[in-house]
Amino acid sequence: MNTLVYILILPLLGAFIGYYIGTKNEMKRDLFNIVLTAIELLLVITLFPAINDQAIEYMVPNVMGTGLHLKVDMLRYAMLFISALAWFLTTMYSTQYLIKKKNRNRYYFFFMLTYAMTIGVFMSENIINLFTFFEGMSLTSYALVIHDEDKYSHEAGKSYLAMAIAGGLVMLFGIFLAFDYTGTLDIEEMGKILPNLGDIKYVIALLIMFGFMIKASVFPLHTWLPKAYTAAPTPSSALLSGILLKTGLFGIIIVLVEMMNYDMPIAVLLYCLGLVNIFLGGILAMMQRNIKRIIAYSSMSQTGFMLMGIGLVGILGKEGGLALSATILYMINHAFFKILLFMGTGIIYMILGELSINKISGFGHKKQKLKAFFLIGVLGLCAFPGFNGFVSKTLLHEAILEAYHLTHHHFFKITEYFFIIGGGLTVAYMLKLFVAIFMEKNSDFYGKYNELVHKRALIPMGILAGLIVFIGVFPNAILTPLIRYAEGIGFDAISHVVIYSSESVIYSMMSLLIGVLIYQLFIQRKLYVKNKTGGAYFNPSLGWFSIETDLFEPVLKMLYKVFSFLFTLIDNWLLFTAKILADGIKSISNVDIVTSIDREFKSVPLGASMMLKGLKSKKDALKNIEAKVKINEALELDLVQGQTSKLKELIVKGHSKMTSISNSIFLFGIVVVFCFLFVYVMG
Amino acid sequence: MQNSIKLVPLASIMVLMLSAFILPLLKKKSHVYRLALGMMVFVTVLNLMHVIYIAFNGGYLFDVGHFPAPFGIVLRIGEVESAIGLLFCFVNLMVLWYSYFSLEKEIKENRIGFFHTLDFLLLASLLGIVFTYDIFNGFVFLEVSTLAACGIIVVKDKKANIKAAIKYLILSSLGSGLVLMGIAFVYSISGHLSMSFIHEALVQNADGKHNLILISMILFTVGLGIKGAMFPLHIWLPDAHSSAPSPSSAILSALVIKAPIIFLIKIYYLVYGAQILAGTVVLDLVLFFGILGMIFGSLFARSQKELKRMIAYSSVAQMGYIFFAIGLGNKLGLIMAVYHIIAHAVTKSCLFLSAGSFIEQTGFKTIDEFKGIGKEMPVTLGIFTLSALSMIGIPILPGFISKWNLAMASIESGKILLLVVLIVSSLLNAVYYFPIIINGYFGEDNLVGKVFNSKIRPVRTLLPLIILSVIMVLVGLFSGFIIEFIGRGIYI
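Residues numbered from 1 in each chain as written. Chains lettered and ligands numbered in written order. Predicted model: local features only at pLDDT ≥ 70, side-chain atom pairs only at ≥ 80, totals over all residues.

This part is about the overall build of chain A. Of regular secondary structure, chain A possesses 26 helices and four strands. Out of the 683 residues belonging to chain A, those deemed buried represent 46%. Put simply, of all contacts in chain A between residues at least 6 apart along the chain, 79% involve residues at least 24 apart. (Helix = DSSP H or I, 4+ residues; strand = E, 2+ residues; numbered from the N terminus. Buried ≥ 20, exposed ≤ 12 C-beta atoms within 10 Å, placed from the backbone. Contact = placed C-beta atoms within 7 Å.)

This is the structure in structure tokens:
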């Protein structure tokens, strides 16, 4: 056995053991979970010296059909590390957050299962293992999203699950195709064959990436994101945004870098989608009033930056080492400050049960610790010099400039401006959030609730805040191994980058300035309505075009309607031909009887002929009148009715009769004849 | 030792047949149960040892009564046969053990001995079909199994059961008729009834008799297709499986429809052989019906209101997978057909028994009424969920392994479009299993008025179900070994 296997198995076992302990004693379960995640974190940390030099791989044969192929290199290690850290901190945080919630045991069970699955995603080298864990993660995290079990969370869960399953199936199809063309499932082996395939490789790559793009909330597949993040309990939202989002980006990196060998068209597509994400996410975040929604849309916007980074890796090809390390660093940083922000939000929600910015404004005015930690998170997110976001954004900016110098294409010059404006959007919506909660004065909250802000919730936030500042001040500590990794997997050597140069600070200040301007000129003037008691924000985006309800749903409904229409048409047509056939046969077989009734009417006893046509009920009415006329009338009536009672009854009758014994025998005969025909015609 | 272990196949058939007739003579119910379980444990252990023996020493031919092949009856025991034999005995043991706690609620008390007689006869005849190397002997066992199966449907003498049993009987007899005609054709060409001899004769005399061979093939396909619930001929299955008592349903779904398929595979590859088979389109026909079954079985299942009927239609869909696998016509496909037989047997028996448990504890029948059942019977619904996930094809569980390898097999045979069918049918499976699970466990309004664990059965009575579900997971987890083992004895 290998450390990798232990790392994978530990949370899986922990989920079940924790569940068992939880049925007896909840305190012990909480303690168990914290200790377990701490051990896992230590295990991951002890792995570092081994990874620093080269990737380690491990193969478990005969499991899960194809065997389990694990691999950890620096990219995967970085993801593993942030997962382990995030889970450790959120477990600690959850113990306080969940006190008022029900079904805690179930929550922790799925919490740990999701952990195991996520670890699996980040360690798999075999694409089918990766898919398995990825789907498992979607399913287990579904239980986290719907934890509150109210109407809203079920709706969010439905959207989340539907998109995850659809994405999974599309991805599976891509994997099938990839296997068909390459004959292997190992990602590295695939990477040797796939790039030489011709146009089919784009189909394969896009199909596989589709599933990852859903998780990464890439436009236009982001529709589940705001709902799911808002509905989930805050620790889960933190993980959804901090880690699970990264599994999607991780998958996209794997596809682009390891499988497709930096393919240009896909890279450009990702780069453009990244821009769309930055702006759409940023603008929508500015409009929101619910703080969790603001942070959720902010995740979407930040995904855009990371996607741009991934795109740059593909565009720069061999010289994309800097872009790759910048993207990985961005992913790490984003996990840190986004989890910190969600935790802060969670504390507010835990105390007030309210998320609307209008109702909680001024809550944090006098809560110094909370305010300080939150501010560090905001500054990190806004890429303020001295904080971790600054490092990754500077590197990314450097990479864009590199692309411009390499290609001299004005596209990159223009996107550089967009990049800076996108940073401004980030500043604007975070400013709105921070000012409203922590700077406004609201005497309702003075000195209240301080005792409710527990240490167990503040300690994880403190650790994260410390890390954010640490990376901001000593960026090389984390950048050196990443750059060495990039050089190790075949990128050209990277010249040393100066992070704190006057230029980079100026660019950062430009973003800040744009952000402040947007805040002053747009948010304060257009989105804020003053009234007697103070003022309130409103959200103009509520009536906007929504991709989910205005595009996906109608299209799906239309498809469904078209198909059901077609099928009923076929169905009716079948029944109709069956009816015509049956009528035809009947009329042929009835020829003699009918004519004989008409001809020899008088000689047929009245009762018998009526029984023949099933007119018994009309017997009394017919008694006194001349027989022949009446019966002819009745026959006509019956015929007309027989025609008008038509298809609908026939369908009902047909369905009920379909399974009767005599029909079964008919069917049997038809099948036998069909088989003979099939074999003789086809053979 | 070697010789005595080779007696196991014959011995298990004989032991079952003999004890079948002792059981109704016992007066006390508990004696019946004890004897039946004892015999089943005995036979299962014998078969387990037998599988281990085969794993180390390979397959063999066994002459019944020391008469060699053309005159006497020969049993052919290889890896596939021994594995299926063990599967049948094990599932039957678990179902009987489970029925220990629930049978008297479903059928009258004086029928319990009778039920066991029928069940033992059924199992003996199914083992006979699996083990035999003689085509006519197989036919006789097939008839015995049909009659016994009718018996265990009608043992609960409601109107629906009698109707279903008559329908099954009539259709089955039609099928048997075709099989008998097929045997007659084959006999007229080759003059033999033992599979290996027929094969030799067919290979030598194939010229000019192409059409006769083709006709006999179709007769076998359709005849055994009826018994194996090939799609358009599945019409007897939903009635029979849903009206029978739950243990019977589990046996019918897990075992009874599987044996004819093994027989069909044997006829294809041992009687005709891959070479003759490759020259015809019979396998394409089977593939076509398999695809129809996969899609339409699920569509029908989706529209059912009763839980057991839905599961019965799901069987139709799953049988579609098996025919699909046979129809692919390559080695991996055939291995997966056998593997899916194993996977489906354990999974479907779990599903039927847990559904039976819901019905028995609540008295409800339709799917709508089982909302919130997860709160009242969490363990049972847990087992149901696990098996349903396997049916849908969630990784690690056996259903996924089958689907994955089927996909591989269809890629191998160059029919990429079949992947779409596989994916669509998985999706359809999810469509009708997920609502039950989600409504069972979640949803505020579903859980109103439900008391946690209120209808749970004692763990003692759930033990066979739990063992079955654990075995199911193991079948998925150690699929590598199982597939390798089957692959050693597969007929191509």
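Once the structure has been displayed, the description carries forward.
As a further point, take the overall build of chain B. The helix and strand inventory of chain B stands at 22 helices and two strands. Taking all 492 residues of chain B together, the buried fraction comes to 58%. Within chain B, residue pairs in contact and separated by at least 24 positions form 80% of the contacts whose partners lie at least 6 positions apart.

Across the boundary between the two partners, chain A contributes 28 residues, which contact 36 residues of chain B. Only α7 (151-182) and α26 (661-682) of chain A provide two or more residues apiece to the side of chain A that touches chain B. Class assignment for the residues of the side of chain A that touches chain B results in 19 nonpolar, six polar and three charged. (Nonpolar A, V, L, I, M, F, W, Y, C, P; charged D, E, K, R; others polar.)

A few words on the pairing of strand β2 (residues 68-72) of chain A. All names here are of chain A. Burial analysis of β2 places four of its five residues in the buried class, which makes it a mostly covered element. Judged from the five bridges that link them, strand β1 (residues 56-60) and β2 form a sheet pairing that is antiparallel. By the bridge assignment, Val 60 is partnered in β2 with Leu 68. (Pairing = 2+ DSSP bridges.)

Below, the discussion takes up helix α18 (residues 455-473) of chain A. Residue and element names in this part refer to chain A. Its 19 residues give α18 an end-to-end C-alpha distance of 26 Å, which sits within 8% of 27 Å, the value for a rise of 1.5 Å per residue. Regarding α18, the residues found buried are Ala 457, Pro 460, Met 461, Leu 464, Ala 465, Leu 467, Ile 468, Ile 471 and Gly 472. Down the axis of α18, the sector holding all buried residues measures 155°, keeping them to one side. Those residues of α18 that are buried are in contact with α4 (74-97), α14 (321-352), α15 (368-381), α16 (388-407) and α19 (476-488). (Expected span 1.5 Å × (residues − 1). Arc of directions from axis to C-beta.)

Once that is clear, we can look at the confidence of the model for chain B. The pLDDT averaged across chain B works out to 89; a share of 100% of its residues lies at or above 70. In the predicted assembly, ipTM is 0.78 and pTM is 0.59. (pLDDT = per-residue confidence, 0-100.)

Another aspect to go through is the packing of helix α2 (residues 26-46) of chain A against α4 of chain A. All names here are of chain A. For the pair α2 and α4, the least separation of the axes is 9 Å and the interaxial angle reads 160°. Relative to α4, the element α2 is oriented roughly antiparallel. Considering only the axes of α2 and α4, their crossing is left-handed. Mapping the contact onto sequence places Asp 30, Asn 33, Ile 34, Thr 37, Ala 38, Glu 40, Leu 41 and Val 44 in α2 and Leu 80, Phe 81, Ala 84, Leu 85, Trp 87, Phe 88, Thr 91, Met 92 and Thr 95 in α4. Tallied by class, the residues present in the contact of α2 with α4 amount to 11 nonpolar, four polar and two charged. (Axes fitted to C-alpha atoms, helices over the stretch in contact; angles between N-to-C directions. Parallel < 35°, antiparallel > 145°, perpendicular 65-115°, else oblique. Left-handed = near helix turned anticlockwise from the far one by under 90°.)

Considering soluble globular proteins, one finds that nonpolar side chains tend to be buried as a cluster. Formed by 382 residues in total, the largest nonpolar core has its most connected members in Ile 252 of chain A together with Ala 325 and Ile 342 of chain B. Per-element tally for this core: the top contributor is α14 of chain A, with 20 residues. Summarising the domain contributions, this core has at least three residues from each of domain 1 (262-527) and domain 2 (570-682) of chain A. (Core = buried A, V, L, I, M, F, W, Y, C linked by C-beta atoms within 7 Å. Domains from an automatic or database assignment.)

All names here are of chain B. Tracing the backbone shows Pro 24 in the loop between α2 (8-22) and α3 (29-57). For Pro 24, a count of 17 C-beta atoms within 10 Å gives the class partly exposed. Sequence separation of Pro 24 and Phe 115 is 91 residues, and the distance between their C-alpha atoms is 8.7 Å.

Moving on, we come to the packing of helix α16 (residues 331-362) of chain B against helix α22 (residues 479-489) of chain B. Residues and elements named next belong to chain B. One can describe the packing of α16 onto α22 by two numbers: an axis separation of 9 Å at closest approach and a directional angle of 125°. Taken together, the axes of α16 and α22 lie oblique to each other. Viewed along their axes, α16 and α22 form a crossing whose handedness is right-handed. Contacts between α16 and α22 involve Ile 335, Val 338, Tyr 339 and Ile 342 on the former and, on the latter, Ile 482, Ile 483, Ile 486 and Gly 487. Residues that form the contact of α16 with α22 fall into these classes: seven nonpolar, one polar and no charged.

Moving on to helix α10 (residues 210-227) of chain B. Residues and elements named next belong to chain B. With 18 residues, α10 extends 26 Å from end C-alpha to end C-alpha; this agrees with the ideal 26 Å at 1.5 Å per step. Most of α10 is tucked away, with 14 of its 18 residues classed as buried. Directly beyond the C-terminal end of α10, a positive phi value near 60° is found at Ala 229.

Before going further, it helps to spend a moment on the confidence of the model for chain A. Across chain A, the average pLDDT comes to 80, with 86% of residues at 70 or higher. Taken together, the stretch residues 592-604 of chain A has pLDDT below 50 and engages in four contacts with residues farther than four places along the chain or on a different chain.

For Gly 38 of chain B, the position within the fold is in helix α3. Between the C-alpha atoms of Gly 38 of chain B and Leu 93 of chain B, which are 55 residues apart in sequence, the distance is 9.4 Å.

Residues and elements named next belong to chain A. For the bond from Phe 219 to Pro 220, the omega torsion is 0°, close enough to zero to count as cis. Note that Pro 220 resides in the loop between α9 (200-215) and α10 (224-231). In the Ramachandran plot, Ser 217 falls in the positive-phi region, its phi being about 55° despite a non-glycine side chain. Note that Ser 217 resides in the loop between α9 and α10.

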